[in-house]
Amino acid sequence: MPRFYITTAIDYVNGRPHLGHAYEKVLADAIARRHRQKGDATYYLTGTDEHGQKIARAAAAAGRTPEAFVDELSQTFVAAWKLLDVHYDQFFRTTDRKHHLAVQELFRRLKDGLSPKTGQPVLYEEEYIGLYCEGCEAFKTERDLDGKGRCPEHKVKPKEVKESNFFFRLSEYDDALLQHLESHPDFIWPDYRRTEVVNVIKGGLQDISVSRPNLTWGIPLPEEIEGGEGHVAYVWADALLNYLSALGWPERKYSLWWLAKQKDVGGPGAARQDEFQHLDGQGRPGAAWAGTKDAYYTNAFHVIGKDISRFHCILWPALLLAAGVPLPRQVYVHGFIYAKGERLSKSLGNLVDPVELTKTFGADALRFYLLDSFPTGRDGEFTLEQFVEHVNTHLANKLGNLASRTVTLVQKYFDGKTPEEWAPDSLVSDEAKQGFGALLAAAATTATESPKAWDEIRIHEALEHAWTVVERANEFVDRTKPWELGKDPVRRAELATVLNALLETLRLVAIWAWPALPSKCEALWALLGLQGNPGQQRDADAQPRFGAGDGRALGESVILFPRIDLKSVAGA
RNA sequence: GCCAGGGUAGCUCAGUGGUAGAGCAGGGGACUCAUAAGCCCUUGGUCGGGAGUUCAACUCUCCCCCCUGGCACCA
């Protein structure tokens, strides 16, 4: 069975979740649900990043201990994802004990490692003198400062700080990274992000500090590291490792999801046969897997925002190479959602609260807007007006109304049971025949194109295909005028055929749209009187089965997608 | 500055050589099963500017203008 391991960035808990966080989780959730729907064994990891000076400071400002502070804030993320129907398999926190142990193991491996070019220790200690801005929690170079020698963001002069840090010899991994990017062209999506990363690497990499002295809110370096007392791991050397530690790394069980046997590979890039490599018992490439002849394939699919692509495309693979862990399959770099032309930011005051939106309009309305209204993974612009318009048009007016009018007609003329008759030849007018042909053709096209678009993560295209079928169905209703057929007992077979075509259309749409709209598609499924769940329907079930109904009773007629009246949510 | 992407109807965008497209908004119409939704028809663009290649360019080449992203620590 194909296996699919998908992760999101873990969110830094110095504030509550905003729409950008929500977009990433919903996007990953839709991808994960698509894999589950196909029958792939799927593992979806998300969580929160809870260490670092900013959090320690925010906690202090709130008069709390860091522990209590992160406990509370991480719960706001858990609650938000629950509200949005984000179905993850594990919510991982970097304050988890097993994460501490894993980070320490990483440092031990770095300590023992030798650099690829000069064979020096991968980890080394060096005294560093620099200008440190406390607001940024970062060292600044002269170039970063404004004309008056101040941090442009915080408007304060950075302090000259002398401290001893441990450095990771990143500078020697440029060739290895370039080679990997060369032989794995789809390691980074989209292409232009890959180009950016290649340029950055070619411009030369600098060693990076991976520890922080004089900071307590973090993971202490292991005692094997001489001089490491009082240092904690740098937040990125800490945070990135969550993708492994959540799976149990360094215990071998991590390989259950991090790797896959050749026959079990799922997800993007699965067709690439040249990526298989043999691994030793530690999951290190190059040697045969202990006790088996199977080739293993790296299987991690990281979904991240474009702001952290350097960390995931350069630092992370370099750390993994140094630690002897196979690299992930792909880093999927998505765009940002903007509001009022600016990126979402607390200081700009244009944060859009996904929790409020969801409470007001429903999880599926927000999910649909995020997944359908702009191309998957690209930047998007949020406005309440566009949101309302998009949801009203597609969900309420088109799909919701089609379901509503179909169910009402079945209740009115067939006592709420699916008509057990199918007679396409009974359609008499040219208009009806053409409408019928157009509907069936659209359904056939979408049955082919929708799975393809889903698998290539062109979610907006997958949904567009499905909605084309909805549109053909609404046209078909108007062309065949079932309310007139209903008045004429002689034309009962024709009426039954029309309604069965509509019912089958709705069944298909419920399956095609389910990864994006899980709860509403399940409600639609129940409304259609169907057994089971659209999330359990495989691609074979998503092929058109136009024909006579089985006489089953439809569910109670409900408004699936209420129209949103912008005036009634004034103040929003 | 360098690298990348983009400038097409009021708005959001699709369209890589052969008589300019979609959705929404605007205008008109017929209908009434339905969530005042749906259906039909329709107004609207010198495709950022200029030059070139070609029988033919939104589409290829060159130059210019403008916007956006990246150039290591905010999803």
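Data block above holds the structure.
The text that follows walks through the structure, step by step, so that each part is easy to find.

Conventions used here
Positions within a chain are numbered from 1, following the residues in the order the chain's sequence is written. Lettering of chains starts at A and numbering of ligands starts at 1, both following the order in which they are written. Only residues with pLDDT of at least 70 get local features here, since the model is predicted, and only at 80 or more are side-chain atom pairs given and counted; chain-wide, interface and lining totals rely on the full set of residues. Note that water and hydrogens are dropped before the side-chain values are worked out from all heavy atoms of the structure. By definition here, a salt bridge exists when the distance from a side-chain nitrogen of Lys or Arg to a carboxyl oxygen of Asp or Glu is within 4 Å. The helix count covers DSSP runs of H or I at least four residues long, the strand count covers runs of E at least two residues long, and both are numbered beginning at the N terminus. Buried means the residue's accessible area, taken with a 1.4 Å probe over protein chains only, is under 20% of the maximum for its type, while exposed means over 50%, and partly exposed covers the values in between. For every element, the axis is a line fit to its C-alpha atoms; helices are fit only across the contacting stretch, and the angle between N-to-C directions ranges from 0 to 180 degrees. Working rule for angles: under 35 degrees goes down as roughly parallel, over 145 as roughly antiparallel, 65 to 115 as roughly perpendicular, anything else as oblique. The sense of a crossing depends on the near helix, which, turned anticlockwise from the far helix by less than a right angle, makes the crossing left-handed and, turned clockwise, makes it right-handed. Any two residues having at least one pair of non-hydrogen atoms within 4.5 Å are treated as being in contact. Three categories are distinguished: nonpolar for Ala, Val, Leu, Ile, Met, Phe, Trp, Tyr, Cys and Pro, charged for Asp, Glu, Lys and Arg, and polar for the others, with Gly belonging to the last. Any residue with at least one heavy atom within 4 Å of a molecule or strand is counted as near it. N or O atoms closer than or at 3.5 Å make up a polar contact, with two conditions inside protein: a donor-capable atom paired with an acceptor-capable one, and, for residues adjacent in sequence, both atoms drawn from side chains.

### Here we look at the pattern of salt bridges
Okay, so step 1: Inspection of the entire model under this criterion finds 31 salt bridges.
Okay, so step 2: Arg34 serves as the salt-bridge partner of Asp539, at 3.0 Å between the closest nitrogen and oxygen. Note that Asp539 is positioned in the segment after α18 (518–527) and Arg34 in helix α1 (residues 19–38), a separation of 505 residues in sequence.
Okay, so step 3: Here Asp539 falls in the partly exposed class, since its relative accessible area comes to 28%.

### Remarks on the packing of helix α6 (residues 191–202) against helix α10 (residues 309–323)
Okay, so step 1: Relative orientation of the contacting elements α6 and α10 amounts to 55°, with a least axis distance of 11 Å. By the angle between their directions, the pair α6 and α10 is classed as oblique. Both α6 and α10 take part in a crossing whose hand is right-handed. Between α6 and α10, the residues in contact are Glu196, Val197, Val200 and Ile201 and Arg310, Cys313 and Ile314, respectively.
Okay, so step 2: The class makeup of the residues in the contact of α6 with α10 is five nonpolar, no polar and two charged.

### Things to note about the protein's contact with RNA strand B
Okay, so step 1: Near RNA strand B there are 45 residues, and of these Gly20, Tyr234, Asp307, Ile308 and Arg310 occur at the shortest range.
Okay, so step 2: A share of 62% is what sugar and phosphate atoms reach among the atoms of RNA strand B within 4 Å of the protein.
Okay, so step 3: At 2.6 Å, a side-chain N or O of Asn199 approaches a sugar or linking oxygen of RNA strand B.
Okay, so step 4: Those elements that place two or more of their residues in the surface near RNA strand B are α1, α6, α10, α13 (384–414) and α15 (459–480).

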